[in-house]
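Residue-level structural notes
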Amino acid sequence: MPNPPAKVAIFISGTGTNMAALLYASRAEKAPFEIVLVASNNPQAEGLALAELEGVATFAHSHKGHSREDHDAAMEAAVRESSAQYIVLAGYMRILSDAFVERWAGRILNIHPSLLPRYKGLDTYARAIAAGDSHAGASVHLVTPELDAGEVLAQARVAIAPGDTPESLAQRVKLAEHQLYPRALAEYVARGSDPEYLYARVAELALALPETHAKDSHGSPGFRVGTEKSGRFFAHFSVRHHGSEHVAVLVKTSGMDELHGLTESQPEVYFRPAYYGASGWVGVILNRPDVDWSHVGEWLERSWRTAAPSRLTRQLNAAEPF
Ligand code: GRF
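Residues numbered from 1 in each chain as written. Predicted model: local features only at pLDDT ≥ 70, side-chain atom pairs only at ≥ 80, totals over all residues. Heavy atoms only, no water.

**Re the sheet that holds strand S12 (residues 270-271)**
What counts here: A pair of strands counts as paired when DSSP detects no fewer than two bridges linking them. By definition, any uninterrupted DSSP run of H or I lasting at least four residues is a helix, any uninterrupted run of E lasting at least two residues is a strand, and each is numbered from the N terminus.
One open sheet holds the six strands; their spatial order is S8-S9-S10-S11-S13-S12, and the pairing between them is antiparallel. A single partner strand is all that each edge strand has here, and the edge strands are strand S8 (212-217) and S12.

Listed below in structure tokens is the structure:
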């Protein structure tokens, strides 16, 4: 069953051509996101009128005469009201407060008109031309408290022509942005149900534990501790096995009582896997919103401890801060 589209709020301040590109992309069949709100700090923003015309909910609240915190709070209340899961900045000319950004960590994206990390801030086209660069471009990145410094998710390169002015270059970069942003957002919201991405996250955590290696078992990837020859499994990665919808990591509980308790009390997080469940393994579901990866890491370590020789667990205990 495909996941329902992710709900997205877009913040704009001006013309909103990127907003329009995202909106029309969201209306394609099987688009993995839908636009539930277009919000602005500028009640006159042209993009608001377009969103209204297209039947999208809008919210406008001028920042003038308000502290940054109060203005952010009004914008955030509108986002919550719309039940958006992601905020996408598209020409939003306000810096968001650190607290706001931290609350939405991993769920706010921005598009910046340069090939980051080059040319953070303003006047990016003029700076790229003045530097004699062969290419300008655009970057979609996660928003963190430091301006234009979050993880870059995708980039588009745009060749600089000999006679380019900042204006002529900006026009072509915009065209590239309109292609880039919908694609980058689609990939980003879909990665929470993409087995390849989820496997990579699990592998990173599992292989950070001492003396571990990846090894298949019954055709599925797993992780063992110990030597290649005689290691023991402490985790299995499971993709929609035996009719289940889950992408999950299977880890070892202390036994049937704990397994039962977990699956009864938090069925949205845990399930009893086929076969492995009989020997006390629990499935931690990964293809769900808001996976807490440090929690997954704790389970992996716990499971590793049950399988690791005491020589290694002693080593890990000694290395851990008390
Ligand atoms: C874009 O150039 C984008 O890179 C920058 O702001 C501009 C927004 O333009 N962050 P528009 O309002 O989407 O036309």
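**As for the site of the ligand**
As a reminder of what qualifies: Nearness of a residue to a molecule or strand requires only that one of the residue's heavy atoms be within 4 Å of it. Counted as a polar contact is a pair of N or O atoms within 3.5 Å, where, for protein atoms, one must be capable of donating a hydrogen and the other of accepting one, and residues adjacent in sequence contribute only when both atoms are in side chains. Charged means Asp, Glu, Lys or Arg here, nonpolar means Ala, Val, Leu, Ile, Met, Phe, Trp, Tyr, Cys or Pro, and polar covers whatever is left, Gly included.
With respect to spatial proximity, the complete set of residues near the ligand consists of Thr15, Gly16, Thr17, Asn18, Gly91, Ile111, His112, Pro113, Tyr125, Lys174 and Glu177. The contact in question runs from an oxygen atom of the ligand to an N or O atom on the side chain of Thr15, over 2.9 Å. Between an oxygen atom of the ligand and a side-chain N or O atom of Thr17, the distance comes to 2.5 Å. At the level of secondary structure, the elements contributing two or more residues to the shell around the ligand comprise helix H1 (17-26), strand S5 (108-112) and helix H6 (166-190). Taken together, the residues that form the shell around the ligand break down as three nonpolar, six polar and two charged.

**Details of the packing of aromatic side chains**
For the record, the criterion: For this analysis, a ring pair means two rings from Phe, Tyr or Trp (six-membered ring only for Trp) whose centres lie within 6.5 Å, classed as stacked if their planes differ by under 30 degrees, edge-to-face if by over 60, and tilted for the remaining angles. Geometrically, a charge over a ring is one whose NZ (Lys) or CZ (Arg) sits within 6 Å of the ring centre while staying within 35 degrees of the ring normal.
Applying the stated criterion across every chain, the model contains seven aromatic pairs. An aromatic cluster is built from Phe11, Tyr92 and Phe100, whose rings are joined through pairwise contacts. The aromatic ring of Phe233 is capped on one face by Arg224, whose charged end is 5.6 Å from the ring centroid.

**Considering the sheet that holds strand S4 (residues 86-89)**
We apply this condition: Here an axis means a line fitted to C-alpha atoms, over the contact stretch when the element is a helix, while the angle between two N-to-C directions is reported on a 0 to 180 degree scale. For this analysis, residues touch if any pair of their heavy atoms sits within 4.5 Å.
Pairing is mixed across the open sheet formed by seven strands, whose spatial order is S3-S2-S1-S4-S5-S6-S7. A single partner strand is all that each edge strand has here, and the edge strands are strand S3 (58-60) and strand S7 (152-159). Geometrically, the sheet is characterised by an average inter-axis angle of 20 degrees between neighbouring strands, direction not taken into account. Here three bridges tie strand S2 (residues 33-40) to S3, and the two strands are oriented parallel to one another. Considered in S3, the bridge of Ser40 is made with Ala60. Lying on the sheet, H1 is in contact with strand S1 (6-12), S2, S4 and S5; it crosses S2 at an angle near 155 degrees. H6 contacts S1, S2, S4, S5, strand S6 (135-142) and S7 of the sheet and is inclined by roughly 155 degrees relative to S7.

**Some thoughts on the domain arrangement of the chain**
How we decide: All the domain ranges listed were derived from an automatic or database domain assignment.
As assigned here, the chain comprises domain 1 (6-191) and domain 2 (195-319). Summarising the inter-unit geometry, the C-alpha centres of domain 1 and domain 2 are found 37 Å apart.

**Considerations on the pattern of salt bridges**
We apply this condition: Definition used for salt bridges: Asp or Glu carboxyl oxygen within 4 Å of a side-chain nitrogen of Lys or Arg. Categorising residues by exposure relies on relative accessible area from a 1.4 Å probe, with only protein chains included: less than 20% of the type maximum marks a residue as buried, more than 50% marks it as exposed, and the intermediate range marks it as partly exposed.
Within this structure, the stated rule accounts for nine salt bridges. For Glu258, the salt bridge goes to Arg302, with nearest N and O atoms at 2.7 Å. With Glu258 in helix H8 (residues 256-265) and Arg302 in helix H9 (residues 293-307), the pair connects residues that are 44 residues apart, well separated along the chain. Accessibility expressed as a relative area gives 23% for Glu258, which makes it partly exposed. Between Arg305 and Glu301 there is a salt bridge; the shortest N-O distance is 3.1 Å. In this pair, Arg305 and Glu301 both sit in helix H9, four residues apart, roughly one turn of the helix.

**Observations concerning the environment of Glu54**
Turning to its location among the elements, Glu54 is positioned in the loop between helix H2 (46-53) and S3. Classification of Glu54 as partly exposed rests on a relative accessible area of 24%. If we skip the residues at most four places from it in the chain, Glu54 touches Leu23, Tyr24 and Arg27.

**Topic: the side chain of Arg94**
In plain terms, the rule: Positive charges come from Lys and Arg, negative ones from Asp and Glu, while His and the chain ends are left out of the count.
Residue placement: Arg94 occurs in the loop between S4 and helix H4 (98-103). For the buried Arg94, no salt bridge exists, and the shortest N-O distance to an oppositely charged side chain is 5.7 Å, to Asp72. Not counting the four nearest positions on each side in its chain, Arg94 is found in contact with Asn41, His63, Arg68 and His71.

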